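# A closer look at the structure
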Amino acid sequence: MLRKALTFTYGAVAYLAFLGAFLYTIGFLAGAVVPKDVDDGTVRPVWQAVVVDLALLGLFAVQHSVMARPWFKQRWTRIVPPAIERSTYVLAATVALVLLLWLWQPWPTTVWSVDAGWARAALWSLYLLGWGFLVLSTFALGHFDLFGLRQVLARRHAEPSFREPPLYRVIRHPIMVGFLIAFWAVPDMSAGRLLFAAASTAYIMVGVRLEEHDLKQQLGAPYADYLDRVPRFVPRPKVSHGEH
Ligand SMILES: C[S@@+](CC[C@H](N)C(=O)[O-])C[C@H]1O[C@@H](n2cnc3c(N)ncnc32)[C@H](O)[C@@H]1O
């Protein structure tokens, strides 16, 4: 009974901590609502900001990539109970994200700034739409699975199974598309924010390939067929087959 309660509490704390860091990130990149955003802080020499920021992004990328690999999970679950493997991943991602938000060095030089009110409104709407699309996609794929809550409730590890909910029938990586929209749709782009967007985009391009490679190994023919049928990021126009 105690073990059950502890397992659930661990999963719930990991989820809520991630949710807090995630919501902070929306304000951090928008430069609104939160006390410290992407362009705030003491301005240091550019090379120092670039080195620190790339190291913080690199830490996040390494944590994500290594802990998501099947070989790592296999070894890791000999140490941590399988039921909390995903929650531990979520907690580690939260720590990496909080470090990034906390230690990020500003590079506030303006790269572009859109003046027209209508264009600013359109870009901000797109920004929020990107985050909204991302959250919606997590629910389409399995929100409670992705964040480890189902595993701590069922008290067991979830084996990967192929899923193709409606959004995933159009593109293979809607969550990543949500991130890409949110990273780039911004009326005021500083050099620091551009560094964040460019490095994160490069990481997403690598990360989805690693994920696809693993899923092809784990899920076999249905996923290989899915790779052939469904595009990665950009929906294919529907070809109408006329009557013959
Ligand atoms: C953060 S999600 C990102 C999913 C996808 N790349 C996206 O952008 O929407 C990563 C997890 O989704 C799982 N996943 C991705 N596509 C899947 C599919 N079609 N069926 C089942 N699991 C999938 C991966 O195994 C991984 O654990």
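What you see as residue numbers is a count from 1 along each chain, following the sequence as written. pLDDT decides what is reported in this predicted model: residues at 70 or higher carry local features, side-chain atom pairs at 80 or more are listed and counted, and totals for whole chains, interfaces and linings draw on all residues regardless.

### With respect to the UniProt feature "domain: NnrU" (unreviewed entry) in the protein
UniProt annotation of "domain: NnrU" (unreviewed entry) refers to residues 55–186 when read in the numbering used here. Along residues 55–186, the helical share is 69% and the strand share 3%, with 24 Å between the first and last C-alpha atoms. UniProt positions are given in the numbering used here, feature names are shortened, and annotations may be inferred rather than shown by experiment. Secondary structure elements are taken from DSSP: a helix is a run of H or I of four residues or more, a strand is a run of E of two residues or more, and numbering for both begins at the N terminus.

### Side note on the site of the ligand
Nearness here is judged by the C-beta atom: place it from the backbone, and if it falls within 6 Å of a molecule or strand, the residue counts as near that partner. Around the ligand, the surrounding shell holds 15 residues, and the nearest of these are R163, H173, P174, I175 and M176. For the shell around the ligand, the elements supplying multiple residues, two or more each, are helix 5 (117–141), helix 9 (174–184) and helix 10 (191–219). Looking at the shell around the ligand residue by residue, the class counts come to ten nonpolar, two polar and three charged. Polar here means any residue other than Ala, Val, Leu, Ile, Met, Phe, Trp, Tyr, Cys and Pro, which are nonpolar, and Asp, Glu, Lys and Arg, which are charged; Gly is therefore polar.

### Quick look at the packing of helix 1 (residues 2–30) against helix 4 (residues 85–103)
For every element, the axis is a line fit to its C-alpha atoms; helices are fit only across the contacting stretch, and the angle between N-to-C directions ranges from 0 to 180 degrees. Relative to each other, helix 1 and helix 4 sit at 30°, their axes nearing to 9 Å. Between helix 1 and helix 4, the angle falls in the class roughly parallel. For the crossing formed where helix 1 meets helix 4, the hand is left-handed. Of the residues in helix 4, those touching helix 1 at Y10, G11, A14, Y15, A17, F18, A21, Y24, T25 and F28 are S87, V90, L91, A93, T94, L97, V98 and L101. For the contact of helix 1 with helix 4, the class distribution of residues is 14 nonpolar, four polar and no charged. Any angle from 65 to 115 degrees is called roughly perpendicular, while one under 35 is roughly parallel, one over 145 is roughly antiparallel, and all others are oblique. For any helix crossing, the convention is left-handed if the near helix is rotated counterclockwise from the far helix by under a right angle, and right-handed if that rotation is clockwise. Working definition of a contact: two residues with C-beta atoms, positioned from the backbone, lying within 7 Å.

### Some thoughts on the environment of Y203
With respect to the helices, strands and loops of the structure, Y203 is situated in helix 10. Note on burial: count the other C-beta atoms lying within 10 Å of the residue's C-beta; 20 or more is buried, 12 or fewer is exposed, in between is partly exposed, and C-beta positions come from the backbone. Classification of Y203 as partly exposed rests on a count of 19 C-beta atoms within 10 Å. For the pair Y203 and G58, spaced 145 residues apart in sequence, the C-alpha to C-alpha distance is 8.9 Å.

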